[in-house]
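Inside the fold
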Amino acid sequence: MELNKKTFVGTVGYHLLGNHSIGPTLLPDLQKMDTPSHITIDELNWGPLAVIQQFQAEEIPYQKVILLCAIERPERQIGEITIYHWKGGLPDDEQIQACMGDAATGVISVENLLVLGEHFKIWEDEVILVDVEPGPEVAGLQFTPNMQKQIPEILETVFRLATEELSETEKVSYLFGDKIFANG
Amino acid sequence: MAGPDYSEEMVAATNPELIEKAANTKAKNKAVHGYDTVLDIMKDLNPLKGKLYLEALTMTRVAREAYVQIGGKYPHPQSVVPGGISVTVTLTTLNEVRSRLVKFFDYSQKTTGIWDDVFDFFLESNPEYEKCGVRPATMADTGVWDRPDSYDASFKNCDKWGKDRWSTPGILVDGEVVTTNLSELNAGLEEFVEHSYYEKWDGHRFKTDDKGLPLSPNHPWNKDTVPKPGKQSWRDRYSWDTCPTWDRMPMEAGAYSRMYLTAKANVAPPSRFLENTGHSMKIKVPKHTLPEAELEWKIPKHWNAFERNRARAYCIPYSAMVAMENLMMAQELIRNGETQVSTPFEIPKTGTHVGFGAWGAGRGFLTHHLIIEKGVIENYQIITPSTMNAAPRTPWGEPGPYEEAVLNTPILEKFDKPEDYKGIDILRAIRSFDPCMPCTTHIMAKDTDHVVSREVTTCACGIE
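Residues numbered from 1 in each chain as written. Chains lettered and ligands numbered in written order. Predicted model: local features only at pLDDT ≥ 70, side-chain atom pairs only at ≥ 80, totals over all residues.

1. Thoughts on the overall build of chain A
So the rule is basically this: Secondary structure elements follow DSSP: runs of H or I of four or more residues count as helices, runs of E of two or more count as strands, with numbering from the N terminus. Only C-alpha atoms enter the radius of gyration, while the globule expectation follows 2.2 Å times N to the 0.38, with N the number of residues. Here the C-beta atoms are placed from the backbone, and a residue counts as buried if at least 20 other C-beta atoms lie within 10 Å of its own, exposed if 12 or fewer do, and partly exposed otherwise. For the purpose of contact definition, each residue receives a C-beta atom placed from its backbone, and two residues are in contact when these atoms lie within 7 Å.
Tallying secondary structure elements over chain A gives five helices and six strands in all. The order of α-helices and β-strands along chain A, N terminus first, is β-α-β-α-β-β-α-α-β-α-β. The C-alpha radius of gyration computed for chain A amounts to 16 Å, which stays within 12% of the reference 16 Å derived for 184 residues, consistent with globular compactness. In terms of overall dimensions, chain A has C-alpha extents of about 40 × 40 × 30 Å along its principal axes. Taken over 184 residues, chain A has a buried fraction of 41%. Contacts in chain A between residues far apart in sequence, at least 24 positions, make up 83% of those at least 6 positions apart.

2. A look at the packing of helix α7 (residues 103-125) of chain B against helix α11 (residues 305-335) of chain B
Residue and element names in this part refer to chain B. Put simply, the rule reads: Lines fitted to C-alpha atoms define the axes here, with helix axes fitted over just the stretch in contact, and angles between the N-to-C directions of these axes take values from 0 to 180 degrees. Orientation labels follow simple angle bins: below 35 degrees gives roughly parallel, above 145 gives roughly antiparallel, 65 to 115 gives roughly perpendicular, and whatever is left gives oblique. In this scheme the crossing of two helices becomes right-handed for a clockwise turn of the near helix relative to the far one and left-handed for an anticlockwise turn of less than a right angle. In this classification, the charged set is Asp, Glu, Lys and Arg, the nonpolar set is Ala, Val, Leu, Ile, Met, Phe, Trp, Tyr, Cys and Pro, and all remaining amino acids, among them Gly, are polar.
Here α7 crosses α11 at 165°, and the two axes come no closer than 9 Å. By the criterion of interaxial angle, the relationship of α7 to α11 is roughly antiparallel. Here the hand of the crossing between α7 and α11 comes out left-handed. Residue-level contacts link F104, F105, Y107, S108, T111, T112, W115, D116, F119, F122 and L123 of α7 to F306, N309, R310, A313, Y314, I316, P317 and A320 of α11. Looking at the contact of α7 with α11 residue by residue, the class counts come to 13 nonpolar, four polar and two charged.

3. Observations regarding the sheet that holds strand β7 (residues 243-246) of chain B
All names here are of chain B. What counts, and what does not: Paired strands are those between which DSSP finds at least two bridges.
Strand order in this open sheet of three strands is β6-β7-β8, and the pairing throughout is antiparallel. Two strands lie at the open edges of the sheet, namely β6 (189-192) and β8 (249-250), each paired on one side alone. Examined bridge by bridge, β7 and β8 share two bridges and lie antiparallel to one another. Within β8, the position partnered with W246 by the bridge is M249.

4. Regarding the pairing of β6(B)
Residue and element names in this part refer to chain B. Alternating positions in β6 separate into two faces, L189 and E191 on one and E190 and F192 on the other, with burial throughout. Here β6 pairs with β7 via four bridges, running antiparallel. Counted as the bridge partner of E190 is T245 from β7.

5. Some remarks on the nonpolar core
Rule in force here: For this analysis, nonpolar core means a set of buried Ala, Val, Leu, Ile, Met, Phe, Trp, Tyr and Cys residues linked through C-beta atoms within 7 Å.
Judged by nonpolar contacts, the single largest core of 86 residues is most densely connected at M42(B), V118(B), A140(B), M259(B), Y260(B) and Y314(B). At 13 residues, the largest contribution of residues to this core is made by α11(B). Beyond its immediate stretch of four places on either side in the chain, Y260(B) contacts A137(B), M139(B), L172(B), I299(B) and A311(B). Membership of the second largest hydrophobic core comes to 47 residues, among which are C69(A), I71(A), C99(A) and F143(A).

6. Looking at helix α14 (residues 424-431) of chain B
Residue and element names in this part refer to chain B. Here α14 lies mainly inside the structure; eight of its eight residues are buried. Restricting attention to buried positions, one finds in α14 the residues I424, D425, I426, L427, R428, A429, I430 and R431. Looking at the buried side of α14, the elements it contacts are α1 (8-14), α11, α13 (401-407) and β15 (441-444).

7. Re the confidence of the model for chain B
All names here are of chain B. Here is the rule we go by: Known as pLDDT, the predictor's per-residue confidence is scaled from 0 to 100.
Summary statistics for chain B give a mean pLDDT of 93 and a share of 96% for residues scoring 70 or more. Under a pLDDT of 50 for its full length, residues 455-464 has, in the predicted model, 31 contacts with residues more than four places off or in other chains. Taken over the whole predicted complex, pTM reads 0.90, whereas the ipTM for its chain interfaces reads 0.81.

8. Quick notes on the sheet that holds strand β5 (residues 176-179) of chain B
Paired through backbone hydrogen bonds, the strands of a sheet run either parallel or antiparallel to each other. Residue and element names in this part refer to chain B. Spatial ordering of the open sheet is given by β3-β4-β5, a layout of three strands whose pairing is antiparallel. Every other strand in the sheet has two partners, leaving β3 (139-141) and β5 as the edge strands with one partner each. Neighbour-to-neighbour, the strand axes of the sheet open up by a mean angle of 25°, direction not taken into account. Examined bridge by bridge, strand β4 (residues 170-173) and β5 share three bridges and lie antiparallel to one another. When the sheet's bridge partners are listed, L172 is paired in β5 with V177. Across the sheet, helix α10 (residues 255-265) is in contact with β3, β4 and β5; its angle to β3 comes to roughly 90°.

What follows is the structure, given as structure tokens:
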């Protein structure tokens, strides 16, 4: 257990898109968790620019940020949890400006949030994604059974990462800002 | 968001011949914005690092701080409820709003001065820019900003309370006001799907409104949304957008439409800060750190990309002074002990009820059309500003607003090879309606494989 590391747990994703909405749908469950007072839990769907300005306004910056999201990726099973560690870096200016355009339009995208947060230097020590495989995008309120089954593990993973140091035994992949929008 | 299109970096890459000219052109409004030449302004419009670009981001925070005093949060305000708002508004609340609002007094002068300098420079440098994004000033707007002494939310009185709004609802056709009645605005609406991925619906349930005005089978109250995905065909169906029209004409929408209509119609209530002349809007901006000033937005001869953006800049002082007017009104009400912020409202539990919501989004015209049956929503149709602007052709072949604006735009960009082409003239034309739309713009250079594209992506291939 680590002590008093100011932490923000945020959910990112559209509502009403089935498995893709795992973040915002689980927000009430996350907020019911018995977490210490230095951990803030809230949604982060209200625009990267507003998020940046909120983070900039904090007298003491968040030292750790955990983002719960669901991005469809190849070769994963629905409900599979992957932990990504954001390693910083930025795409070219044109791509950053495109992220700004998307942000101003209201597009909800964890990649946009990561890149713009990096550009405006709001990320301090650690940014970790808990990314759950949603499978194909389907409209609706319901999760598929595979996703439903994973909910306890998702909540446990977020709680563990928010309250403990990242263990050396934790299986972690890495995200790089200069490659996040690369094709391929 | 339109600023980078006119930045030094973009102009140097697309029309380098303008850079030296900009360096030698003195800015007319230096007294309010402090820049000596047009090139100095353009440098600070550079994306991500220009001072004006970064200042614009900062000002979004100031506006948000003002808004959340009453809205709770923004976006997605949590205090707006049917019949009013759910917060207690005190003089302290209003003072908090005011302390943010006054920052827009100086910013208004600065922004309008900057854009007047930049756009005058382009239009004087090359008169062909008049054609960029040009189309007739044929627009719709619902008006916004109700007055508490007039608004009663009834359809019966909507023409009266609509005209009492600080921005006047109505229809403009080729720059002339056709109506300022909300009921006529509603009755003239139709939505067509001949070039969209939807099935045509059957039936004509509502033939007139409550005032007896005739309604088309294509009116939103009669509409049924039936998606019909299919192959894209430019002759047949090519859009998920529908084609809204008023009196069978495609309509443009934008924040600027509300200023154009209000200035032209000249029926808005008297204001301490705003004066409509029929050909312009005069805006008295009080002193903050800059001296008091009277700004004047004039209805332009040609309705093009530059004038849309210029008008949008003038919407900053217009909106700020309406906010100031409302703030002063609220202070007077509270001082007089009138603190009610909502009217009781209950959803009708029996019978059929037809409703029409007319309000302006940040990008202009926005209508909601509802049918409630026995307390349950049976049909809910929305026409957004982007629905209007991005509309495909009408069933009679008339292009939608973006389409028409792009078709009229000359390519003034300088490039040697197709692969160097950036499409800036097209982007300026489209972004003048909606600065963010090129996120989904694709331009193909004829007879080549070169495509200028910008699209929203969720690709996550940066993973290792």
